[in-house]
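The chain contents come next:
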Amino acid sequence: MNTSNKSLNLVDSANDFHKINSRETAISINNVEVSFSTPKGKFTAVKDISLDIKRGEIISLIGHSGCGKSTLMNTISGMVLPTSGEVIANDKVVKGPGPDRGIVFQNYSLLPWMSVYKNIFVAVDSVFKNKSTDEKHAIVNHYIEMVNLTSHKDKLPSQLSGGMKQRVAIARAFAINPSILLLDEPFGALDALTKGSMHIELLKLWNLDNRNKTIVMVTHDIEEAIFLSDKVVVMNNGPAATIKKIVDVNLERPRNKKAIAHDPEYIRIHDELLGLLFDKFSIED
Amino acid sequence: MNSFSLKNSISNALYFIGSMLVLIGLWQLVTILTKNEIPGPVATWQVFMELMSEPFYDRGPNDKGIGNQLVSSLIRVFSGFGAGSIVAIPLGLLMGSSKTGMKLLNPIVQILRPVSPLAWFPLGLLAFKAAEGATIFIIMITSLWPTLINTAFGVASIPDDHKNVGKAFGFSTWKYITKIMLPYSIPHIITGLRLSIGVAWMVIVAGEMLSGGVGIGFFVWDSWNALSLERILVAILIIGTVGLLLDKGFNALQNAFSYNQK
Ligand SMILES: Nc1ncnc2c1ncn2[C@@H]1O[C@H](COP(=O)(O)OP(=O)(O)OP(=O)(O)O)[C@@H](O)[C@H]1O
Ligand SMILES: [Mg+2]
């Protein structure tokens, strides 16, 4: 389909040996339920969640605000422990956060007293205990360059725009080179252009590692979800949200953003996702 | 400094001068109403100039210049304040970082905090066998509470977002303390220190009245015995001014460390 588009900005180099189906499981979510105790009693955010994610897969979670996407992500990162069920990541039951799972938090979570540079350095320094200081500085500079913040690296988070903060958080998560990347609306605050280039950076990074990195991403953007993912997990509305449907995205990689929009399969998936998300709504006028 | 903040500081200075004029006016009024029983600003100014003409004279243990008195008080306050802070800050960090610590220590603090520091004076005498040690001891007790409470509160209020960074990137305990806990709580700690030095400076006057020796509090008491109200008024003004300067100093420190305002 995309021979005619070779001249356009091709995102990933074709790696024919990439066969997702033959891969091992990177993350296995088994019958997970998460309940919070609130002043009004027990509140079940998500339940009956079972999901297997293979090594190298890119998965998107979509669903309406408040349905429990972040909560589900946090069970993989270990920030939230399931009330029942278990999550296995990299063959270990998740009991807490670890540097094998890099996180981009929905609210960026930068340390306000540190510059852009230091925010990333402190994470790199903590994770790569055996690397020399020079190597660590090189890593930090590389990722700051990747997110185009070199000229802002000495600024404090309070001096950055929302999109810039988001890019710092992305650079920080990428810099520790985790085998699993957990991205909670990582591109939400970015303009379309920056978003596009961040998509490419994300895929580049994924390709660099022979597509061995597993990426789980929360997004509200259907086009983004289809363009990046192998599977899109659609969640029901909460409380006690479950998985509504897992939609496979069988679009050949490398994908081209412009060309893909006209692919009949893309259009079919797009319609299916829209239908899943908005079935209860009709516009009354 | 831009023209706006320049204008601002000029108007602040004018207000300060105005405020001092109001004070002097009221003071003069009181003097007139009490038929000079309370010395007026002019008489007090003369005594002030007299005292300041030789602030550091030393004619034996009971007769020293006002500068000497002030310096001894300041040394005492800073020794007690330093000792109190060295205890209060680590204890506060500990208290704030553990729920159990907070629940266990907080009732103790709540019971001891309202006690006038002077009540500790006899215990200080018992422990140090000297008035000097006892005075520093009560200043130490005084400086303990505000710093302890503010430090503990600061640490306990570290947002989950900041803690999560430490968890997600596997910070060691040391890294967590130095890169997250301390930077977040330093503004709170400095607020505590500022309150502590303020109370300590109030308590030192009373403490020195009890202990005697050299010091601005003792100077007030001594002046009362010598029936020199002018000297007492001079001392009051000096105590107030030094207190104000101490507060301003800590205020500046607070501003220097508040990352949010930058
Ligand atoms: N710590 C908590 N205590 C109590 N309730 C919580 C807690 N965290 C999340 N919830 C509740 O769980 C539900 C799911 O929250 P979650 O943040 O996972 O939603 P989300 O799908 O990520 O929403 P959004 O798209 O707006 O980010 C919400 O109703 C929320 O109020
Ligand atoms: Mg969320």
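As the structure is a prediction and not an experimental result, all values here were calculated from the model. (Residues numbered from 1 in each chain as written. Chains lettered and ligands numbered in written order. Predicted model: local features only at pLDDT ≥ 70, side-chain atom pairs only at ≥ 80, totals over all residues. Heavy atoms only, no water.)

### Concerning the overall build of chain A
The line we're drawing: By the criteria applied, helices consist of DSSP H or I runs no shorter than four residues and strands consist of E runs no shorter than two, each listed in order from the N terminus. Exposure is judged per residue with a 1.4 Å probe applied to protein chains only, and the accessible area is read against the type maximum: over 50% gives exposed, under 20% gives buried, and values in between give partly exposed. Contact criterion: two residues are considered in contact whenever any of their non-hydrogen atoms come within 4.5 Å of each other. Here, Shrake-Rupley sampling with a 1.4 Å probe gives the accessible areas, and only protein chains in the shown set may cover a residue.
Helices and strands together make up the secondary structure of chain A, namely 8 helices and 10 strands. Buried residues in chain A amount to 55% of all 285 residues. Considering only intrachain contacts with a sequence separation of at least 6, the fraction spanning at least 24 residues in chain A is 70%. By element, 51% of the accessible surface of chain A is carried by carbon and sulfur atoms, the whole surface being about 12,900 Å².

### Quick notes on the site of ligand 1
All names here are of chain A. Rule in force here: Nearness is defined per residue: one heavy atom within 4 Å of the molecule or strand is enough. Polar contacts, as used here, are pairs of N or O atoms within 3.5 Å; protein pairs need one atom able to donate a hydrogen and one able to accept it. Residues neighboring in sequence count only if both atoms are side-chain atoms. Each residue gets one of three labels, nonpolar for Ala, Val, Leu, Ile, Met, Phe, Trp, Tyr, Cys and Pro, charged for Asp, Glu, Lys and Arg, and polar for the others, Gly among them.
Looking at ligand 1, there are 14 residues lining it, with Ser65, Gly66, Lys69, Ser70 and Thr71 nearest. Backbone polar atom of Cys67 to an oxygen atom of ligand 1: 3.3 Å apart, as the coordinates give it. For ligand 1, an oxygen atom lies 2.8 Å from a polar atom in the side chain of Lys69. Here ligand 1 loses 64% of its free accessible area of 640 Å² to cover by the protein chains. Sorting the residues of the shell around ligand 1 by element identifies β1 (25-38), β2 (41-54) and α1 (69-77) as the ones contributing at least two each. The element best represented in the shell around ligand 1 is α1, accounting for 3 residues. In terms of residue class, the shell around ligand 1 is built from 4 nonpolar, 8 polar and 2 charged.

### Details of the sheet that holds β2 of chain A
Residue and element names in this part refer to chain A. How we decide: We treat two strands as partners when DSSP finds at least two bridges between them.
Within the open sheet, the 4 strands sit side by side as β2-β1-β4-β5. Their pairing is antiparallel. At either margin of the open sheet sits one strand with a lone partner, and together these are β2 and β5 (92-93). Where strand β4 (residues 84-89) and β5 come together, 2 bridges link them in antiparallel fashion. Each bridged residue has a counterpart across the sheet, and for Ile88 the counterpart in β5 is Val93.

### Structural notes on the coordination of the magnesium ion (ligand 2)
Residues and elements named next belong to chain A. Our working definition: Here a donor is an N, O or S atom found within 2.8 Å of the metal, or within 3.2 Å if the metal is Na, K or Ca; sites may look incomplete because water is not among the atoms.
Protein-derived coordination of the magnesium ion (ligand 2) comes from Ser70 (OG) and Gln106 (OE1), at a distance range of 1.9 to 2.2 Å. Of this pair, Ser70 sits in helix α1 while Gln106 sits in the loop between β6 (101-104) and α2 (116-127); the two residues are 36 residues apart in sequence, bridging distant segments of the chain. Taking the relative accessible area as the measure of exposure, Ser70 reaches 23% and is therefore partly exposed.

### Observations concerning the confidence of the model for chain B
The condition is simple: Values of pLDDT, ranging from 0 to 100, describe the predictor's confidence in every residue of the model.
Mean pLDDT for chain B: 91, with 98% of residues reaching 70 or above. Of the two predicted TM-score estimates for the complex, the pTM is 0.81 and the ipTM is 0.81.

### Comments concerning the pattern of salt bridges
Note the threshold: The term salt bridge refers to a pairing of a side-chain nitrogen on Lys or Arg with a carboxyl oxygen on Asp or Glu at a separation within 4 Å.
Under the counting rule described, the total for this entry stands at 17 salt bridges over all chains. The partner of Glu33 of chain A in a salt bridge is Lys42 of chain A, and the shortest N-O contact between them spans 3.8 Å.

### Regarding the sheet that holds strand β8 (residues 214-218) of chain A
Residues and elements named next belong to chain A. As a reminder, the rule being used: Axis lines are fitted through C-alpha atoms, for helices just across the contact stretch, and the angle between N-to-C directions can take any value from 0 to 180 degrees.
Spatially, the 6 strands line up as an open sheet ordered β6-β7-β8-β3-β9-β10, and their pairing is mixed. Single-partner strands in this sheet number two, and they are β6 and β10 (243-248). Averaged over all pairs of adjacent strands, the angle between strand axes in this sheet comes to 15°, irrespective of strand direction. In this fold helix α5 (residues 192-208) packs onto β3 (58-62), β7 (180-184) and β8, with an angle of close to 165° to the strand it touches most, β7.

### A short note on the confidence of the model for chain A
Looking at chain A, the pLDDT average stands at 88 and 90% of residues meet or exceed 70. A low-confidence stretch, residues 1-21 of chain A stays under pLDDT 50, and its non-local contacts, those more than four residues away or across chains, total 36 contacts.

### Focus on the environment of Val147 of chain A
All names here are of chain A. Structurally, the position occupied by Val147 is in the loop between α3 (133-146) and α4 (162-175). Of the residues examined, Val147 reaches a relative accessible area of 2% and is grouped as buried. Here the alpha-carbon distance between Val147 and Ala169, two residues 22 residues apart in the chain, equals 9.8 Å. Contact partners of Val147, with chain neighbours within four places excluded, come to Arg167, Ile170, Ala171 and Met198.

### Remarks on a nonpolar patch on the surface
Residues and elements named next belong to chain B. Heads up, the condition is: Like-charged residues are merged into a patch within 9 Å and nonpolar side chains (Val, Leu, Ile, Met, Phe, Trp, Tyr) within 5 Å, provided each residue has over 30% relative accessible area and no salt bridge.
A surface patch of nonpolar side chains, amounting to about 1,000 Å² of accessible area, comprises Leu6, Ile10, Leu14, Phe16, Ile17, Met20, Leu21, Leu23, Ile24, Leu237 and Leu244. Where the nonpolar patch is concerned, the elements lending two or more residues are α1 (3-33) and α10 (229-257). At 9 residues, α1 tops the list of elements feeding residues into the nonpolar patch. Relative to the helices and strands, Ile17 is located in helix α1. A relative accessible area of 48% means that Ile17 is categorised as partly exposed.

### Here we look at the pairing of β6 of chain A
Residues and elements named next belong to chain A. The alternating pattern of β6 places Arg101 and Ile103 and Gly102 and Val104 on opposite faces, both of which are buried. Across 4 bridges, the pairing between β6 and β7 is parallel. The residue bridging Val104 from the neighbouring strand is Leu183, located in β7.

### Looking at the side chain of His199 of chain A
Residues and elements named next belong to chain A. Here His199 shows up in helix α5. Residue classification places His199 among the buried positions, given a relative accessible area of 2%. At 2.8 Å, the side chain of His199 forms a polar contact with the side chain of Glu224. Beyond its immediate stretch of four places on either side in the chain, His199 contacts Phe187, Glu224, Phe227, Leu228 and Lys257.

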